[in-house]
Amino acid sequence: QVQLVESGGGLVQPGGSLRLSCAASGFSFSSYVVSWYRQAPGKERELVAGITSFGGGTNYADSVKGRFTISRDNAEKTVYLQMNSLKPEDTAVYYCKARLRGAIPYVDYWGKGTLVTVSS
């Protein structure tokens, strides 16, 4: 059974840090590009960060560059999002998505999300 399970969300004060995890099972994880998305109340889902299948390349939304770091451990089938210097505008549900490298049509798996709330 294919699963992506996010964890690590919670309530944090502005300026604080959180590390999100996305644990995969049921598919060949190292063949997938993984991305983190977020969706704030009343807003569309947006891309936060992505990492290539073996971790050699990463990309970030301008709004999180220098504050967030994406990484992966293929042996553990897990992708991480280290979030530092958090701001209230980072409040959102964070989702991870795995996309099979090179597949057309796309083969995507999504997790159910984890809530991050940045507030004093």
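What comes next concerns the included structure. All values reported here derive from a predicted model rather than from experimental measurement. (Residues numbered from 1 in each chain as written. Predicted model: local features only at pLDDT ≥ 70, side-chain atom pairs only at ≥ 80, totals over all residues. Heavy atoms only, no water.)

As a further point, take the overall build of the protein chain. What the protein chain contains, in helices and strands, is 0 helices and 11 strands. When its helices and strands are written in sequence order, the protein chain yields β-β-β-β-β-β-β-β-β-β-β. Relative to a compact globule of 120 residues, whose C-alpha radius of gyration would be 14 Å, the protein chain shows 14 Å and is just as compact. Seen along its three principal axes, the alpha-carbon backbone of the protein chain occupies a region of about 40 × 25 × 25 Å. Each of the 120 residues in the protein chain was classed as buried or not, and the buried ones make up 39%. Pairs at least 24 apart in sequence give 54% of the contacts found in the protein chain among residues at least 6 apart. When the accessible surface of the protein chain is summed, it comes to about 6300 Å², and 49% of that surface belongs to carbon and sulfur atoms. (Helix = DSSP H or I, 4+ residues; strand = E, 2+ residues; numbered from the N terminus. Rg over C-alpha atoms; globule rule 2.2 N^0.38 Å. Buried < 20%, exposed > 50% of the residue type's maximum accessible area, 1.4 Å probe, protein only. Contact = heavy atoms within 4.5 Å. Areas by Shrake-Rupley, 256 points an atom, 1.4 Å probe, with all protein chains shown as cover.)

This brings us to the pattern of salt bridges. Taken as a whole, this structure holds 5 salt bridges when the rule is applied. Among the salt bridges present, the one from Arg-38 reaches Asp-90, with a minimum N-O distance of 2.9 Å. Taken together, the positions of Arg-38 in strand β4 (residues 32–39) and Asp-90 in the loop between β8 (78–83) and β9 (92–100) put the pair 52 residues apart, joining distant regions of the chain. Of the residues examined, Arg-38 reaches a relative accessible area of 5% and is grouped as buried. Exposure remark for Asp-90: the relative accessible area of 0% places this residue in the buried category. For the salt bridge of Asp-62 with Lys-65, the shortest nitrogen-to-oxygen distance reads 3.2 Å. Judged by relative accessible area, Asp-62 falls into the exposed class, the value being 65%. Because the salt bridges share partners, they merge into one network encompassing Arg-38, Glu-46, Arg-67 and Asp-90. (Salt bridge = Lys/Arg side-chain N within 4 Å of Asp/Glu carboxyl O.)

The 4 strands are arranged β1-β3-β8-β7 in an open sheet whose pairing can be described as antiparallel. Looking along the sheet, the strands with just one partner apiece sit at the ends: β1 (3–7) and β7 (68–73). Strand after strand, the sheet turns through a mean of 15° between neighbouring axes, direction not considered. Of the pairings in the sheet, the one linking β7 to β8 comprises 6 bridges and is antiparallel in character. Bridge pairing in β8 places Ser-71 opposite Tyr-80. (Pairing = 2+ DSSP bridges. Axes fitted to C-alpha atoms, helices over the stretch in contact; angles between N-to-C directions.)

Another aspect to go through is the state of the cysteines. With the rule as written, the count across this model stands at 1 disulfide. Here Cys-22 engages in a disulfide with Cys-96; their sulfurs sit 2.0 Å apart. Its torsion about the S-S bond being 65°, the disulfide of Cys-22 and Cys-96 is classed as right-handed. Taken as a pair, Cys-22 in strand β3 (residues 18–25) and Cys-96 in strand β9 lie far apart in primary sequence, 74 residues in all. Each member of the pair Cys-22 and Cys-96 is classed as buried. (Disulfide = S-S within 2.5 Å.)

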